[in-house]
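Structural description and commentary
Listed below are the residues making up each chain.
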Amino acid sequence: MVNTQYEEVLNEGLAKIIVPRLERYKRPDGSIEPAWMPVFYNPQAVISRDFTTMFLKTIFKNKEFFFVDALAGTGIRGIRIALESSGKGILNDVDPRAYNYIVKNILLNNLAERLEAYNSEANTLLNNLVFTGVLVDYVDVDPYGSPSPYIDSALKPLNKEAYIGVTATDTGPLSCTYPHKTLSRYWSNCFKVDFEKEFATRLLIANTVLRAASLEIDLKPLVVLVYKYFIRVFFKSKRSAWEAYKTVENCIGYLWYCPKTLERGFTSSIEELDVKCSDGSKPLVAGKTWICNIYDYNTTSELINNIEKHNWISNETRKTASLILNEAEIENPYIRLDKLCSVLKINMPSVTVVIEKLREAGFKASRTHMDPRGIRTNAGYNELTSLLLSLTNNS
Ligand SMILES: C[S@@+](CC[C@H](N)C(=O)[O-])C[C@H]1O[C@@H](n2cnc3c(N)ncnc32)[C@H](O)[C@@H]1O
């Protein structure tokens, strides 16, 4: 089954997986370039797959559920879902070479009774499922670049209450490097902000929620993961026109932002926005964006507990998960400490010291897994800047 000249067998999670020989696809710096492989396998995305299997274990416990891995590559994600949680499902890829790997990998892991391989275009497959009466409890959307072309189809076969995991790697448009692309792809006006990675995540959430609402499906984000080149969001879905409307009304809005002082906030309505930046200027306004919490604390803490409990989960995933646990209970977007100190014209104290001092003063404060220079806190702007100024005065 394995052609050892061109292929190797790796272990990832509880799975064994046949992949193209990785050393044949090394960049000059030694890192692997998955895009050069005949089938896509990215060792750096282990964390995304660890989170996926542990998320599904958290949600479904030991209850059997039906899932579709719509863009499966080698099949590693779906195979791990079947081995590490209680999923049964479909692994699909449009590329016949990927399909062959999926078939071989299902057999290698003895999963022929739980998994079926398909060689279909993802939208076609997902739309066809709607007409076959198959109801899906979880759909995984893990494309190259933007998930936009697949979202509507991924939502349609979902059960009354279900879940969807979405990856985006088009961080350029999502981070407002190309504002025209952000507008056309994600329906949002934008500008550069210091909490770039979180703002990108919020734009992705808002757009996915709006697409779902147009299909009378309510979506809420439960867990987000931002790592190197990708953003991953796990949503809960519910078929309810009323709840979809309420979520759009309450949680889709705008960011106001003062680029010179880094003051920021969210608002549901631009018309009712009545704030000035402390330097006297008018804030910039971006949106539409997601203005509610990006984490569901209970789901996130249970997921992280599962990550800690299962010894096959990678150390990198454990490290990231422990950061997420602290930040998940703080709703405010993170702020870049280096940029804020440069606004205040002071030397930057260590992130750890600032967090300690904020906690001593009775605030919640945490690092963020999204950016090592960021701080997430429920302290207001004035409280945070006073604390920073007092720290430098006393040093
Ligand atoms: C990023 S890779 C998936 C990686 C995989 N989920 C994992 O965790 O390793 C994207 C995959 O989508 C497949 N693909 C691209 N366009 C597709 C489409 N329209 N329908 C189905 N598969 C598609 C590609 O062949 C590729 O294998």
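Residues numbered from 1 in each chain as written. Predicted model: local features only at pLDDT ≥ 70, side-chain atom pairs only at ≥ 80, totals over all residues. Heavy atoms only, no water.

Structural notes on the pattern of salt bridges
One pass over the structure, following the stated rule, counts 28 salt bridges. A salt bridge links Glu33 to Arg27; the shortest N-O distance between them is 2.8 Å. On the accessibility criterion, Glu33 (16% relative accessible area) is buried. By sharing partners, the salt bridges in this structure join Glu12, Arg49, Asp50, Arg80 and Glu84 into a single network. (Salt bridge = Lys/Arg side-chain N within 4 Å of Asp/Glu carboxyl O. Buried < 20%, exposed > 50% of the residue type's maximum accessible area, 1.4 Å probe, protein only.)

Some details on unusual backbone geometry
Residue Lys288 is bonded to the preceding Gly287 through a cis peptide linkage, with omega at 15°. Structurally, the position occupied by Lys288 is in strand S12 (residues 284-290). Of note, the phi angle at Trp187 is positive, near 60°, even though the residue is not glycine. Relative to the elements of secondary structure, Trp187 occurs in the loop between helix H7 (179-186) and helix H8 (196-214). Despite not being glycine, Leu262 shows a phi value in the positive range, around 70°. Tracing the backbone through its elements, the reader meets Leu262 in the loop between strand S10 (252-257) and strand S11 (264-267). Of the residues examined, Leu262 reaches a relative accessible area of 4% and is grouped as buried. (Helix = DSSP H or I, 4+ residues; strand = E, 2+ residues; numbered from the N terminus.)

Brief notes about helix H4 (residues 122-132)
Those residues of H4 that sit buried are Ala122, Asn123, Leu125, Leu126 and Leu129. When H4 is viewed along its axis, its buried side chains cluster within an angular range of 170° and face the same direction. For H4, exposure combined with an orientation more than 90 degrees from the buried face picks out Phe131 and Thr132. Looking at the buried positions of H4, the neighbouring elements they touch are strand S3 (65-69), strand S4 (87-92), strand S5 (115-118), strand S6 (136-141) and helix H5 (148-155). Where H4 begins, the side chain of Glu121 points an oxygen toward the backbone nitrogen of Asn123, at a separation of 2.8 Å. After H4 finishes, the residue Gly133 shows a positive phi value of roughly 80°. (Arc of directions from axis to C-beta. Contact = heavy atoms within 4.5 Å. Polar contact = N/O pair within 3.5 Å; in protein donor to acceptor, adjacent residues only side chain to side chain.)

Details of the domain arrangement of the chain
Partitioning the chain into domains gives domain 1 (7-290) and domain 2 (335-395). Measuring from the centre of the C-alpha atoms in domain 1 to the corresponding centre in domain 2 gives 31 Å. If you look at the interface, domain 1 gives eleven residues, while domain 2 gives nine residues. Summing both sides of the interface, domain 1 and domain 2 together bury roughly 970 Å²; the carbon and sulfur share of this comes to 60%. Contact with domain 2 buries area across many residues of domain 1, yet Asp194, Glu198 and Leu262 alone supply 43% of it, more than any other trio. For the interface between domain 1 and domain 2, the tally reads one salt bridge. Measuring nitrogen to oxygen at the nearest pair gives 2.9 Å for the salt bridge that ties Glu198 to Arg376. Inspection of the domain 1/domain 2 interface yields four residue pairs in polar contact (both at pLDDT 80 or more). Elements with a contribution of two residues or more to the side of domain 1 that touches domain 2: H8 and strand S8 (217-227). Among the elements that make up the side of domain 1 that touches domain 2, the one with the highest residue count is S8 (three residues). Of the residues in the side of domain 1 that touches domain 2, the class split is four nonpolar, one polar and six charged. (Domains from an automatic or database assignment. Buried area = accessible area lost by both parts, 1.4 Å probe. Nonpolar A, V, L, I, M, F, W, Y, C, P; charged D, E, K, R; others polar.)

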